[in-house]
Amino acid sequence: MEIFIAAISIIITSCFWLFYFKNKMKDTFLKGKQKGTDEFLSLLLDNGYQSKVKTFNELNKHCLKGGTVFVGDSITQDYNVYEFFHDLCVYNRGIGGDTTVGLMKRLEASVYALEPARVVLMIGTNDFALLDTNSHEVFLNIKKIINEIKSKLPNVEIILESIYPVSKALDPKIKMISVGKRDNILIDQTNEMLKTIEGVTFVDLNSILKDVDGNLILEYTVEGLHINELGYQKITSVLRKYF
């Protein structure tokens, strides 16, 4: 009987440790897989960033001075400003995946070299998804970007757009993999601080693009983060009032 009990005890203990190590290895694998995915995504974004900056440097050789430059991330990059503002001298200097940190590093190629009369700035949403940051840090970075632009180009007009809302609505259209860690509460907190920056024209597009639940209006978005053509038409109709 004692031998039987001892055998049962050994089997139970072995099963416990087998279960423990199996789950431990699974957890380690998943973490490693996620780390690899994050590093791969970071590498893709970095390569795209460097390629875009290089392209901007080449294009700048053919640009007219005194125009309007739109600067930001993929939401700016996807904005067909050449069509929407066809009667103006405009340039698009958006880079998909860019953050406030990345933008600070490319102001020469994206702004200064163009010597624009006007800068339309919208940046910050990717900080919440890609960086370990908070609303106040995003605000400080945007304020620093503005101060550096004004220091280099003291006569430039700066139109500062609010950070757009995202949508986490329960709708098949919404892709949470794109929305990621972005949160409208943090975005709203940042926008409240952005309103206090002096020497710029702050345009609150955030409230215009929101539905009654505080989400990005479904009709204006591709998947909860990016803007579709209907959304850009709305944005253009608002920005036009400041030109």
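Residues numbered from 1 in each chain as written. Predicted model: local features only at pLDDT ≥ 70, side-chain atom pairs only at ≥ 80, totals over all residues. Heavy atoms only, no water.

## Examining the sheet that holds strand 3 (residues 118–122)
Spatially, the five strands line up as an open sheet ordered 2-1-3-4-5, and their pairing is parallel. Across the chains shown, the open sheet's two edge strands, defined by having one partner strand only, are strand 2 (90–94) and strand 5 (201–203). Neighbouring strand axes in the sheet, compared pairwise and without regard to direction, differ in orientation by 20° on average. In this sheet, strand 5 lies alongside strand 4 (residues 157–161) in parallel orientation, the contact comprising three bridges. Residue L160 lies in a different strand from strand 5, and its bridge partner there is F202. On top of the sheet, helix 11 (residues 229–239) reaches strand 1 (68–72), strand 3, strand 4 and strand 5; it is set at about 140° to strand 4, its chief contact. (Pairing = 2+ DSSP bridges. Helix = DSSP H or I, 4+ residues; strand = E, 2+ residues; numbered from the N terminus. Axes fitted to C-alpha atoms, helices over the stretch in contact; angles between N-to-C directions. Contact = heavy atoms within 4.5 Å.)

## Brief notes about unusual backbone geometry
The backbone phi angle of E115 is positive, close to 45°, even though this residue is not glycine. Here E115 shows up in the loop between helix 5 (107–110) and strand 3. Given a relative accessible area of 45%, E115 falls into the partly exposed group. (Buried < 20%, exposed > 50% of the residue type's maximum accessible area, 1.4 Å probe, protein only.)

## A word on the side chain of S110
Topologically, S110 is positioned in helix 5. Within the structure, the side chain of S110 is placed 2.6 Å from the side chain of R106, a separation counted as a polar contact. In this view, S110 contacts F56, V69, V71 and R93; residues no more than four positions away in its chain are not counted. (Polar contact = N/O pair within 3.5 Å; in protein donor to acceptor, adjacent residues only side chain to side chain.)

## A look at the pattern of salt bridges
Counted by the stated rule, this structure contains six salt bridges. Ionic pairing is found between K210 and D188, a salt bridge with its closest N-O pair at 2.8 Å. You can see K210 sitting in the loop between helix 10 (205–208) and helix 11 and its partner D188 sitting in helix 9 (residues 184–194), a full 22 residues away along the chain. Look at D188 and you get partly exposed, because its relative accessible area is 27%. (Salt bridge = Lys/Arg side-chain N within 4 Å of Asp/Glu carboxyl O.)

## As for the packing of aromatic side chains
This structure, assessed with the given rule, holds seven aromatic pairs. An angle of 40° between the planes, with centres 5.3 Å apart, marks the rings of F70 and F85 as tilted. With F70 in strand 1 and F85 in the loop between helix 3 (81–84) and strand 2, this pair connects stretches of sequence that are 15 residues apart. Exposure class is identical for F70 and F85. Each is buried. A ring pair is formed by F70 and F243, whose centres lie 6.3 Å apart and whose planes are at 50°; its orientation type is tilted. Pair noted here: F70 is in strand 1 and F243 is in the segment after helix 11, with a separation of 173 residues, a long-range link. Judged by its relative accessible area of 1%, F70 falls in the buried class. Residue classification places F243 among the partly exposed positions, given a relative accessible area of 27%. Over the ring of F243 we find R118; its NZ or CZ atom is 4.4 Å from the centre of that ring. (Phe/Tyr/Trp six-rings, centres within 6.5 Å; stacked < 30°, edge-to-face > 60°. Lys NZ or Arg CZ within 6 Å of the ring centre and 35° of its normal.)

## Remarks on the environment of D204
Within the fold, D204 resides in the loop between strand 5 and helix 10. For D204 and V238, which are 34 residues apart along the polypeptide, the C-alpha to C-alpha distance reads 9.4 Å. There is a polar contact of 3.4 Å between the side chain of D204 and the backbone nitrogen of N206. Here S207 takes part through its side chain, which lies 2.9 Å from a polar atom of the side chain of D204.

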